[in-house]
Amino acid sequence: MPAFKTPFPGYGVRFSPFFEGRLLVATAQCYGIVGNGRLHVLELLPSSPVITELASYETADGVYDCCWSESHDSLAVAATGDGSVKLYDHSLPPTANPVRSFNEHSREVQSVDWNPVRRDSFLSGAWDDSIKLWTIDRPTSVRTFLEHSYCVYAAIWCPRHADVFASASGDRTVKVWDVRDPGSSLTIPAHGHEILSCDWNKYDASILATGSVDKMVRVWDVRAPRAPMAELAGHTHGLRKIRFSPHRESVLLTCSYDMTVRLWDFRKEDSMLGQYPHHTEFAFGVDESVLVEGLFASVGWDELVYTWQLGTDPRAGLP
């Protein structure tokens, strides 16, 4: 399967919910320390051995995460290092983008996620310890959520409930929120180190996975959160991203500072289904297509975007 070389190290990747081969990729210059960022819109065509670039947008600071709109096939959101959240419309010329910039966070934005149920709002989580709720028709945030005591690395909507999301933080907790309530509904001290990622199971709204600097993936039942229902060990450095499969209830993807992507089934005793050591620097982002089962993508600090089908080698066919 093809790969794409980006000019900057990769931080995030998302498959489009509308087009089978369309990808959104977040990148940041100089490993996110200083310099610009770039958001890429890429296309993987079934009949072509290459990934083509449909559009790219340069930012004044690094782009650390990205997500597609769930209601408009050309809209996307980028999380940037200057604290802004930018909205792009790739049906418009580059000079017309970004179409909006939301400027309320005071530090780097690490996470953006579009509501897949209500489809009219999105979340941002930042190093200013806050989470913000936005809609594209308002210039200011709808609400700010302030309970974490350290950096927020992820804020992810529950795919089964329109008002529920989870957040993962450097304060070593994951919190569950309902936007209709004044505060969080659950706090889990999920790891002994910073939690860098979390994701909801796509079939069971009570199951949540967390990944930490401690190298562990833990799977939780939020109805009985005193202990994890599963622990997945195998990564040799901290977890950077977790994604539950949209096609198989107990399967999830992870990527890590150990430069690998791994596939798991948390309900199996031998939980690790696959290991992909194709990156040569930190693996930062991973995703599975919601439209094509077993079609994966990953990005890393080696400035490569890989796509591959389950059962194949991501590096197959590369020079």
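Just so you know, these numbers come straight off a predicted model, no measurement behind them.

Asker: Any chance you could explain the overall build of the protein chain here in plain terms?
Answerer: Of regular secondary structure, the protein chain possesses zero helices and 28 strands. Expected size for 319 residues packed as a compact globule is a radius of gyration near 20 Å; at 18 Å, the protein chain falls within 12% of this value. If you line up the protein chain on its principal axes, its C-alpha atoms span 50 × 50 × 35 Å. Within the protein chain, the proportion of its 319 residues that are buried is 60%. Within the protein chain, counting contacts between residues at least 6 apart in sequence, those at least 24 apart form 46% of the total. Accessible surface for the protein chain amounts to roughly 12,300 Å². Of this, 51% is attributable to carbon and sulfur atoms. In the protein chain, the 29 positive side-chain charges and the 40 negative ones have mean positions that sit 3 Å from each other.

Asker: Even after reading the chapter, I still don't get the UniProt feature "repeat: WD" (unreviewed entry) in the protein chain, so can you show me in this structure?
Answerer: UniProt annotation of "repeat: WD" (unreviewed entry) refers to residues 102-144, 145-187, 188-230 and 232-274 when read in the numbering used here. Secondary structure across residues 102-144 comprises 0% helix and 44% strand; the distance between its end C-alpha atoms is 13 Å. Strand forms 44% of residues 188-230 and helix 0%; the C-alpha atoms that close the span are 15 Å apart.

Asker: Honestly, the environment of Tyr31 in this entry has me stumped. Any pointers?
Answerer: Turning to its location among the elements, Tyr31 is positioned in the loop between strand 3 (22-28) and strand 4 (37-44). Setting aside residues up to four positions removed in sequence, Tyr31 forms contacts with Pro9, Tyr11 and Trp301.

Asker: Just to check I follow, could you spell out the sheet that holds strand 11 (residues 122-126) for this structure?
Answerer: The four strands lie next to each other as 10-11-12-13, forming an open sheet whose pairing is antiparallel. In the strand order of this sheet, the two ends are held by strand 10 (109-114) and strand 13 (143-145), each with one partner. Averaged over all neighbouring strand pairs, the angle between strand axes comes to 20°, with direction disregarded. In this structure, strand 10 lies alongside strand 11, joined through five bridges in antiparallel fashion. When the bridges of strand 11 are listed, Trp114 appears paired with Phe122.

Reading guide: rules and limits
Position numbers for residues start from 1 in each chain and track the written sequence from start to end. Local features in a predicted model are, by the rule used here, given only for residues with pLDDT of at least 70; side-chain atom pairs are given and counted only at 80 or more, and totals for whole chains, interfaces and linings are based on all residues. Water and hydrogen atoms play no part in the side-chain values, which are based on all heavy atoms of the structure. The way it works is that DSSP assigns letters per residue, a run of H or I at least four long becomes a helix, a run of E at least two long becomes a strand, and they are numbered from the N terminus. Atoms counted for the radius of gyration: C-alpha only. Globule rule: 2.2 Å times residue count to the power 0.38. Think of it in three bands: with a 1.4 Å probe and only protein chains considered, a residue is buried below 20% of the maximum accessible area for its type, exposed above 50%, and partly exposed in between. Note on definitions: a residue-residue contact is assigned when non-hydrogen atoms from the two residues lie within 4.5 Å. Accessible areas in this description were obtained via Shrake-Rupley with a 1.4 Å probe; residue shielding takes into account the shown protein chains only. In this count, Lys and Arg are taken as positive residues and Asp and Glu as negative ones, while His and the chain termini are left out. The atom standing in for a charge is NZ when the residue is Lys, CZ when it is Arg, CG when it is Asp and CD when it is Glu. UniProt positions are given in the numbering used here, feature names are shortened, and annotations may be inferred rather than shown by experiment. In this description, strands pair whenever DSSP reports at least two bridges between them. Fitted lines through C-alpha atoms serve as axes, helices being fitted only where they are in contact, and the angles separating the N-to-C directions of these axes extend from 0 to 180 degrees.

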